[in-house]
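Notes for the structure review
Okay, here's what each chain looks like letter by letter:
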Amino acid sequence: MEKLPEFIANHLFLSMLFIAILSMLLWNLFGSAMTGIQQIPAAEVTRLMNHEKGLVLDVRSVDEYASGHILNAINIPDKAITQEQKKLQKHKQLPVITYCNSGTVSTRSARTLKMQGFEKVYCLSGGLRAWQVANLPITKDKK
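All figures in this text were calculated on a predicted structure; none of them were measured in a lab.

A few words now on the sheet that holds strand S5 (residues 121–124). Across the sheet, five strands lie side by side as S1-S5-S4-S2-S3; this open sheet has parallel pairing. Both outer strands of the open sheet, strand S1 (38–40) and strand S3 (74–75), are each paired with one neighbouring strand and no more. As paired strands, strand S2 (residues 55–58) and strand S4 (residues 96–99) are joined by four bridges and run parallel to one another. Across the sheet, Val56 pairs through a bridge with Ile97, a residue of S4. Along the sheet, helix H3 (residues 42–51) makes contact with S1, S2, S4 and S5, crossing S1 at roughly 100°.

Here it is in structure tokens:
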């Protein structure tokens, strides 16, 4: 322990890199708890959809949505969430589950909804990929 300051001084780059990686790891582990957005698995999404009439919100682009999405999902791209909030106001008391391809963009959208006053906001852990891995159905828009 006595040589720790000397090690840090001699290896400043490695020490900073260690702190940065440790910070990212802690944010990854505890970030959802700090933001109030709960990451839920695909099975829990189906339960919320079927038993609590949860709204599924696809935050991917219109083209991605058209190529395949969760049944009855509403498409509002992430960048348009604040402009399109009137569409969502009637669902404010229901659980809202956001998803994207991998789960990263949808977390940001879920935070935006939380700031707009939505109380029950969830994020599909792993996004649409996790939904497909769980062998749950997706549907495509007819052209």
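Of the two faces of S4, the one lined by Val96 and Thr98 and the one lined by Ile97 and Tyr99 are each fully buried. When S4 meets S5, the two strands line up parallel, connected through three bridges. Looking at the pairing, Thr98 lines up with Cys123 of S5. In this fold, the crossover linking S4 to S5 by way of helix H6 (residues 105–115) has right-handed handedness.

The rules we used
Residues numbered from 1 in each chain as written. Predicted model: local features only at pLDDT ≥ 70, side-chain atom pairs only at ≥ 80, totals over all residues. Heavy atoms only, no water. Pairing = 2+ DSSP bridges. Helix = DSSP H or I, 4+ residues; strand = E, 2+ residues; numbered from the N terminus. Contact = heavy atoms within 4.5 Å. Axes fitted to C-alpha atoms, helices over the stretch in contact; angles between N-to-C directions. Buried < 20%, exposed > 50% of the residue type's maximum accessible area, 1.4 Å probe, protein only. Right-handed = clockwise from strand over helix to strand, strands pointing away.

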